[in-house]
Every structure is written in structure tokens, then in C-alpha cells.
Amino acid sequence: MRESRGMCCSLSISLSQILVVLFLCFQGINGDNPYRIYYWKITYGDVYPLGVKQQGILINGQFPGPQIDCITNDNLVINVLNFLDEPFLLSWNGLQNRRNSWQDGNYGTTCPISPGHNFTYNLQAKDQIGSYFYFASLGLHKAAGAFGSIRILSRPLIPVPFPAPSGDITILTGDWFNQTPRELRGILNRGHTLPFPDGLHINGRGWNGDVITLDPGKTYRFRISNVGIATSINFRIQGHMMKLVEVEGSHTVQNMYASLDIHLGQSYSVLVTTDQPPQDYYIVVSSRFNSPVLTSTAVLHYSNSWKKVFGPPPPGPTIEIAWSLNQARTIRHETFCVDELTLSKRTNLRNLTASAPRPNPQGSYHYGMIPLSRTIVLANSAPIINGKQRYAVNSVSFVSSDTPLKLADYFKIPGVFNTGSMPSSPSWGPAYLQTAVMQADYRAFIEIVFENWEQNVQSWHVNGFAFFVVGMDGGQWTPEVRSRYNLRDAVARSTVQVYPKSWTAIYMSLDNVGMWNIRSEDWARQYLGQQFYMRVFTTATSFRDELPIPRNALLCGRARGRHTRPL
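Residues numbered from 1 in each chain as written. Predicted model: local features only at pLDDT ≥ 70, side-chain atom pairs only at ≥ 80, totals over all residues. Heavy atoms only, no water.

Q: For this particular structure, what's the right way to read the overall build of the protein?
A: Counting secondary structure elements, the protein contains five helices and 37 strands. Scored against the burial criterion, the 567 residues of the protein give a buried share of 59%. For the protein, the exposed area adds up to about 21,900 Å²; of that, 55% sits on carbon and sulfur atoms. (Helix = DSSP H or I, 4+ residues; strand = E, 2+ residues; numbered from the N terminus. Buried < 20%, exposed > 50% of the residue type's maximum accessible area, 1.4 Å probe, protein only. Areas by Shrake-Rupley, 256 points an atom, 1.4 Å probe, with all protein chains shown as cover.)

Q: Just to check I follow, could you spell out helix α3 (residues 321–329) for this structure?
A: Owing to its 3.6 residues per turn, the α-helix aligns residues three or four sequence positions apart on the same side. Residues S324, L325, Q327 and A328 constitute the buried set of α3. One side of α3 carries all its buried residues, which in axial view fall inside an arc of 160°. Buried-residue contacts for α3 involve β16 (256–257), β17 (259–262), β32 (467–474) and β34 (495–498). (Arc of directions from axis to C-beta. Contact = heavy atoms within 4.5 Å.)

Q: How do you make sense of the side chain of R525 when you look at a structure like this?
A: Mapped onto the elements of the fold, R525 is located in helix α5 (residues 523–527). Those residues in contact with R525 that sit more than four places away from it in its chain are N380, S381, A382, Y391, E454, N456, Q458, S520 and Q530.

Q: Looking at this structure, how should I read the sheet that holds strand β31 (residues 458–462)?
A: What holds strands together in a sheet is hydrogen bonding between their backbones, with the strands either parallel or antiparallel. Taking strand neighbours across the sheet as the criterion, the five strands line up as β29-β37-β36-β31-β34 in an open arrangement whose pairing is mixed. Looking at the sheet topology across the chains shown, the edges are occupied by β29 (437–441) and β34. In this sheet, neighbouring strand axes are inclined to one another by 25° on average, regardless of whether the strands run parallel or antiparallel. Where β31 meets β34, four bridges bridge the pair, whose relative direction is antiparallel. (Pairing = 2+ DSSP bridges. Axes fitted to C-alpha atoms, helices over the stretch in contact; angles between N-to-C directions.)

Q: Honestly, the sheet that holds strand β4 (residues 75–82) in this entry has me stumped. Any pointers?
A: Spatial ordering of the open sheet is given by β2-β1-β4-β6, a layout of four strands whose pairing is mixed. Each edge of the sheet is formed by a strand with only one pairing partner; in this case those strands are β2 (54–59) and β6 (118–124). Across the sheet, the mean angle from the axis of one strand to that of its neighbour is 20°, orientation sign disregarded. As judged from the seven bridges shared by β4 and β6, these two strands associate in the antiparallel manner.

Q: Before we go on, may I ask you to explain the pattern of salt bridges in this structure?
A: Any two side chains of opposite charge can pair, so long as their charged atoms come close to each other. Here the structure, examined in full by the defined rule, presents 25 salt bridges. D85 is the partner of R182 in a salt bridge, and the nearest nitrogen-oxygen pair spans 3.4 Å. Residue R182 is found in helix α2 (residues 181–189), and its partner D85 is found in the loop between β4 and β5 (90–93); the two are separated by 97 residues along the sequence. Taking the shortest distance from any N to any O, the salt bridge between E86 and R185 comes out at 2.9 Å. Placement of E86 in the loop between β4 and β5 and of R185 in helix α2 is noted, with a sequence separation of 99 residues between them. The buried category is assigned to E86, whose relative accessible area is 12%. Here the residues in one salt-bridge network are D69, R151, D168 and R223, joined through shared partners. (Salt bridge = Lys/Arg side-chain N within 4 Å of Asp/Glu carboxyl O.)

Right, dumping it as C-alpha cells:
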């Protein structure tokens, strides 16, 4: 089996660097938990994702980037040195950064790292387990690399609802363009849509470029993330069934699947048993809901085999929406039986505690029993504004301000944004440009309905939270469809799809103060306006609710020249 790509303190570190990192460690992160320290150099370099040399973005010379392996509540100190010729940021897809949107790594919260400079992220895998990834969040850099896996393991002695696998395999896959990020930005800035992707990759390699060697008769965990910028994919392994066990931090009902649809920004964990005749088998990804169908493969190699893969890879679904919708409805949170001490019967309940690092955000009661305090309806669209293609939410096409919103909020800088700039329901009026921010109350329990009246599948991500996917269906959403919601065992995750001419509903506890990005995971749509920020606000100023501004926070725009806080 391949070695982990993780790198922790493996670079040469001087005494002064150690002192700097130790100093930065005490900026509000919990000092009672272990620290994992990383030094990452961001550079250009040659990559071959489609078999042809291209310029990619590397981290410590690696593509994909180093893997982060940690345990619940570990502190992550990541010093990022930008050797590119343009500003750079990293964000953490699915990592909730509890009480700490300062570290979120999107332009709305964090100043970019200028060329030739560095920034040290101070993160904590607070109260989380599961499979996630990090990525470059500025300027379509994600299309050139600078992404990597995040694996958060349960703490020792915390039960996990399946036996320990014989190995843990990371699959980072998605679409790829031959154009550079600068060329892709140029296309979008001129008001055009992106061309069709040139291909798909698996772990940064093209057709049969990655070989994964496994021993026969064992069970392995595969963590698969769609790190692309434009395309849903289907994942399958020739001749092998996959047992789904985890989705973005939630353990699931352990259904068996021959293939899985994985939409932009989503992550899944499956168990695969090497119980087939010894030979090589295709690992296949193919594009969904578009034509022509793109396909790429890796190789699952049995360690006792000399027989190579042959023939075409197994086909998968292509444009079938109903097939994908039905599969999505089967992905549910694991349930278990509890013996009632005072009752003779056994009760089937949602498993909110088995293998969980902390109780569910709503405490001891069930998410389906919590009164809703607010309903937000978000409708995406693709308007033409000032003669150019844009994308919008509730007719608002987001434009970045000259100062990160979180800094403007902290320093009370006027004129950067206002909290009434993002409507909470569609107006269906003419689309317009706006730095859109929605105000929301800390500890509110809300419903968000994503409406998609376009012809393509949408993928939505909410930074800082996990939400319950309670329903999805075709047609118009109305309050009456709540009677069909899954209020029993909905999976909790951070990225969800919305099918064409359809809606998806989520329930979410706003238990994380900060400025949080809600966005399309289609990166052209995100770049051209299909995003906004939610300001989850409380009048309290306790560090129990939100950590203070980092001492090393980068200050840019109208925040330049101000001071963070005393040493």
C-alpha cells in the first residue's frame, strides 16, 4: 500500500522558527490538546494530470498536497509561504473552525498572502471526525492543484461503528482543465462561460496513472473527495462493492453500493473488501450529467497478482437524474438500539453519540423536534449583468469588497458591507451586483431551502457548520412538503447537491459565531457571484463564543495600518 503523503515537521526547522510557532500557538487555540506543525511552501511546478506537462501549484513540491492526519481536537499550526507571483489563500472544506472564522481562508474573512510572504494558520479539529480536504480559495488556483486531504480520526477509546480497516486510502479526484488559472479567469472576466473540462484525474494522475496495491482478503477504507471545479462524478471499483460508512463527519447507515455519485466539494468514506480473484481491477471515475462523458481510471492491484487490467472499464450512470436522486435518499445517519433502563421494550433512535466526538449541536434532544426560528430560501440564477455572464443568489451577484468582511466588522469600518444586503427569499427581480451579507442570530435553528430552476446540478457548501439534509425533490418547494421531510435519521454534512428543476432543504443550528461563506462549489459560479456571507452574531463578547482576532492576522484594504491586539 502507498505511504501517506502527510508531512508533519519533516522539514528542517531552525530554533527561531520553533520559537515563532510556539508563540503563535497561544493565540486562543486549546493548549490542552496535541499540536501538529506544518511548513508548506507554495510554488509552481510541472504536473501531468492528463499525461501532458502543465504548470501546476505544488505544496512542498507535492501534487496533490501533503495529507493532514490528526485526531479530534488536535491543534494544527500551518505556516504557509507563498512563492507564487500572485496572492494566495488556503481554505478548509468541512473543517468547522469553531469560534474561529478568522482562520477560514476565504477572502471574506482572511487577507491574502502576498507573493514572497507567509501566514501561519492556527486551526483546531474541534469536535470533529471524518474525511475532508483543503484547497486554494483564490483566483481559481484550485484548478491547478494546491489541494490535499484532511483525515480526522476519533480519539482513542471512542467506539467506531465498524472494525478497524487494514489500511486507509485517499482518493482526490475531479475535473481538470488544460488552461491555467490565469487563463480561466480571463475567460470569466470577459463575460464568458468556461469551456468543457479536458479530462478527469485521480490523485493528480491520468488514465491508469495511480496504482494502489492491497493485500487479498482484507478490508480497506477509501476516502473519496471531489476536488474538481465544474463536474459531478461517479466513482466505482471494478468487481467490488462499496460499503458506505461516513459522509463528511457523519457515520451512515452501512448500505452497499456498486457506484456512488459524488458532487462538487463532497467527501465519502467506503469500506472495500479484497475478496475477488487475484488480479488488477479498474478504479473508475466518470463525469455525470453532461456530454461527452469523461472517464479516468486508476488501478487496484492485488499484491499476489500478476494479471493486469484488460478491456474497457465498467460503465456507470451518465445523465440519469432520478437514479442519482434515489441514491441520495438512501444516505442516512446510522441508527442504533438502546436498552431503556425503565422500559422492557427496545427503542430505535438516531445514533448521536456512537463514535461522535461531542454531543450533537442540539444537546440531548432530536433535530426533528426543534422548532424552527427562521426559513431562508435561496434560488440560484445565471443572469447577464452589464453585458457579461454572472451568477446570483436571490438576484444578488456577489462582488468582493476591498477589505475582508470579518476585518471590516471587527474594526467597525463603515461602507464595506451592510447586513441587509442579502435577501432571505427570491425576489425574481433584475439581478444586481452587491457585497452580500446576511445577518443571523447565534444559536438560532434555521431551515434553508435551495431552489434550482436551472438545467444543471448545483452543489452548495456552508462553511463553519454541518447541517441535516432533511429533504430533496423535484418541482416547487412549498411549506406543505415539510410533511415529507426526513426528521428521523437525516445525514449531517457540509456540502449538498440540488438537482435541476428541484429543491433541497436543510436544517442547521447556528452554533458557531463568525462570518461564514455560503457558496456554490462550481468554481466559475462562485467566482462570478453565486455566494454570500452569513454573519452569525451575538451581542456577547466572551471568548467562549468567539476567539479574539489573531495577533498575526494579515491586515489589508481599509484595515491596513490598524492593530490586532497587544502581545
